[in-house]
Amino acid sequence: MSASELEMSSVRYPYRERIFHIEKRSPGVWVVLDESHAELGSLIRVSTEGEEHEPVFGAVPPGWVETLHEGSDWRQLVASLINEALDADVPAATGNQGEA
């Protein structure tokens, strides 16, 4: 998928054996949604042209006002938002190993 695909109103994004959606909110701003349409974060265009003459995007997790990651590979940035959301749903190990 190229950056031009983001200009469509909605893009299906298969990842981790699920289908996510990237929906355009406004010029240069997209929201990443899971299959229930819960927001997993936003993708924003930081610059129309970076060092490699490609657009630069930023990943913004829910509740954040600044980007967590930036780069020209928007697919990787969307994956980082999905990973953050899905991994947050997995309970952290407590180290108790089942002890009472």
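Right above here is the structure, for reference.
Before going into details, it helps to say that this report is about the structure given with it. Nothing here was measured: the structure is a model prediction, and the numbers come from that model.

## Remarks on the pairing of strand 3 (residues 29-33)
Strand 3 sits mainly inside the fold: four of its five residues count as buried. Pairing of strand 2 (residues 18-26) with strand 3, which is carried by five bridges, proceeds in the antiparallel orientation. In the strand pairing of strand 3, His21 is matched with Leu33. A loop of two residues connects strand 2 with strand 3, the two strands running antiparallel in sequence, and Gly28 in this loop sits at a positive phi of about 80°. Here strand 3 hands over to strand 4 (residues 39-47) after five residues, with His37 in that stretch at a positive phi of 70°.

## Some remarks on the environment of Ile44
With respect to the element layout, Ile44 can be found in strand 4. On the basis of relative accessible area, Ile44 is assigned to the partly exposed category, the value being 26%. Placed 16 residues apart in sequence, Ile44 and Val60 show a C-alpha to C-alpha distance of 7.6 Å. Sequence-distant contacts of Ile44, that is, excluding residues within four places in its chain, are made with Gly28, Val29, Trp30, Val56, Phe57, Gly58, Val60 and Thr67.

## Brief notes about the side chain of His21
By the element assignment, His21 lies in strand 2. Not counting residues up to four positions away in its chain, the partners in contact with His21 are Ser10, Val11, Arg12, Val31, Val32, Leu33, Asp34 and His37.

## Examining unusual backbone geometry
Its identity as a non-glycine residue notwithstanding, Glu17 has a phi of 60°, on the positive side. Summarising the element assignment, Glu17 is placed in the loop between strand 1 (10-15) and strand 2. Positioned with a positive phi, His53 is a non-glycine residue whose angle comes to about 60°. Assessed through its relative accessible area of 59%, His53 is described here as exposed.

## What about a negative patch on the surface?
A grouping of Glu49, Glu51, Glu52 and Glu54 is seen on the molecular surface, where their side chains present a negatively charged patch. Locating Glu51 in the fold gives a position in the loop between strand 4 and strand 5 (56-60). Judged by relative accessible area, Glu51 falls into the exposed class, the value being 82%.

## A closer look at the pattern of salt bridges
All told, the structure shown has four salt bridges when counted by the stated rule. Taking the shortest distance from any N to any O, the salt bridge between Glu35 and Arg18 comes out at 2.8 Å. Taken together, the residues Glu35 in the loop between strand 3 and strand 4 and Arg18 in strand 2 connect sequence positions 17 residues apart. Glu35 sits in the partly exposed class, given a relative accessible area of 43%. Residue classification places Arg18 among the partly exposed residues on the basis of a relative accessible area of 28%. The closest approach of N and O atoms between Glu39 and Arg25, which form a salt bridge, is 2.9 Å. On the criterion of sequence distance, the pair formed by Glu39 in strand 4 and Arg25 in strand 2 is long-range, its members being 14 residues apart. A relative accessible area of 45% means that Glu39 is categorised as partly exposed.

So, how was this worked out
- Residues numbered from 1 in each chain as written.
- Predicted model: local features only at pLDDT ≥ 70, side-chain atom pairs only at ≥ 80, totals over all residues.
- Heavy atoms only, no water.
- Buried < 20%, exposed > 50% of the residue type's maximum accessible area, 1.4 Å probe, protein only.
- Helix = DSSP H or I, 4+ residues; strand = E, 2+ residues; numbered from the N terminus.
- Pairing = 2+ DSSP bridges.
- Contact = heavy atoms within 4.5 Å.
- Patch = residues over 30% accessible without salt bridge, like charges linked within 9 Å, V, L, I, M, F, W, Y side chains within 5 Å.
- Areas by Shrake-Rupley, 256 points an atom, 1.4 Å probe, with all protein chains shown as cover.
- Salt bridge = Lys/Arg side-chain N within 4 Å of Asp/Glu carboxyl O.
- Lys, Arg positive; Asp, Glu negative; His and termini not counted.
- Charge placed at Lys NZ, Arg CZ, Asp CG, Glu CD.

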